[in-house]
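Survey of secondary and tertiary structure
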Amino acid sequence: MGVTTSTSTISTISAATFKPKQTKLSISDTSVESFPFLEEPLLRLPETIGILIEVRTSPKGGLGVFALCPIPPNTLLLSEQPLVILTDTGTRIDPLDALVSALSPSRKNAFLSLHAYRANPRETRNRSILYSNGFGVGKVESLSTGVFETASRFNHACVPNAGYRWEEEVEENGENGELGGRMKYFSRRDIGLGEEITVDYGHGLKGLKKFYGFECDCGKCRLET
């Protein structure tokens, strides 16, 4: 998928700050405040699902991402870490299978629930999901692909209303300062309430049919046909 960038300042539509419910434990007559334990880091920060956008059935088929309110240009729609990042190293054993197996049950279910168009009948299901839903992440020369729980639900339009870019960051708990990152999606124009949010997959009509198994029905393609 092609990466769209913007030099404009990205704004955010803020919601009320979420405060986790506190519980008090009495230990030797001393009151101690504790917070619920989060089993794994949040993929989306800030959280915009249910506030700014939602995932629901799309007229294009399957699921899509839609606006829950009018959204002005250059608004941050989604900032998300991938479920998996694959960098092919040429090994005989497919590293993708190991990455998927290592996911928590909820994240593995999220990965396996994504659309899997099998362009090659010899592909594994995991590979079909990767090819159908992956975005290029990291530096161009790394040839890495990320699959996302929410962002992989964005449908295509040749003239999209949203763009995206990858931003690397040092993970706070990463060993030896290892790099992670987030894909950030932002509105390119005004988006109306209930309008589907789309991105450009970076392929023409033939490429979309070959790699994703569909014929684009966006306004530009309808005019060309």
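The structure reproduced in this document is the subject of the present report.

Rules used in this analysis
- Residues numbered from 1 in each chain as written.
- Predicted model: local features only at pLDDT ≥ 70, side-chain atom pairs only at ≥ 80, totals over all residues.
- Heavy atoms only, no water.
- Pairing = 2+ DSSP bridges.
- Helix = DSSP H or I, 4+ residues; strand = E, 2+ residues; numbered from the N terminus.
- Phe/Tyr/Trp six-rings, centres within 6.5 Å; stacked < 30°, edge-to-face > 60°.
- Buried < 20%, exposed > 50% of the residue type's maximum accessible area, 1.4 Å probe, protein only.
- Axes fitted to C-alpha atoms, helices over the stretch in contact; angles between N-to-C directions.
- Contact = heavy atoms within 4.5 Å.

Further remarks concern the sheet that holds strand β4 (residues 63–67). Strand order in the open sheet formed by 4 strands is β3-β4-β12-β9, and the pairing between neighbours is mixed. The open sheet has two free edges, formed respectively by β3 (53–57) and β9 (155–156), since each of these has just one partner strand. Bridge analysis of β9 against strand β12 (residues 196–199) gives 2 bridges, and the strand direction is parallel. From the neighbouring strand, N155 faces β12, where its bridge partner is T198.

In this section: the packing of aromatic side chains. Think of a pair of aromatic rings as described by two things: how far the centres are apart, and how the planes are tilted against each other in angle. Counted according to the given criterion, the structure contains 5 aromatic pairs. Between the aromatic rings of F135 and F148, the centroid separation amounts to 5.9 Å while the plane-to-plane angle is 80°, which identifies the pairing as edge-to-face. With F135 in strand β7 (residues 135–137) and F148 in the loop between β8 (144–147) and β9, the pair connects residues that are 13 residues apart, well separated along the chain. Exposure remark for F135: the relative accessible area of 0% places this residue in the buried category. Feature note: the residues F135, F148, F154, Y164 and Y185 constitute an aromatic cluster, connected by ring pairs.

Further remarks concern the sheet that holds β8. Either a parallel or an antiparallel arrangement is found when strands of a sheet pair, and the pairing is made through backbone hydrogen bonds. Reading across the sheet, the 3 strands line up as β6-β8-β7 and stay open at both edges, with antiparallel pairing between neighbours. Each edge of the open sheet is held by one strand with a lone partner, namely β6 (84–87) and β7. On average, each strand axis in the sheet is tilted by 40° relative to the strand beside it, whichever way the strands run. The sheet contact formed by β6 and β8 spans 4 bridges and is antiparallel. For I85, the partnering residue across the bridge sits in β8 and is G146. Taken strand by strand, helix α3 (residues 125–133) contacts β6, β7 and β8, and its axis lies near 95° from that of β8.

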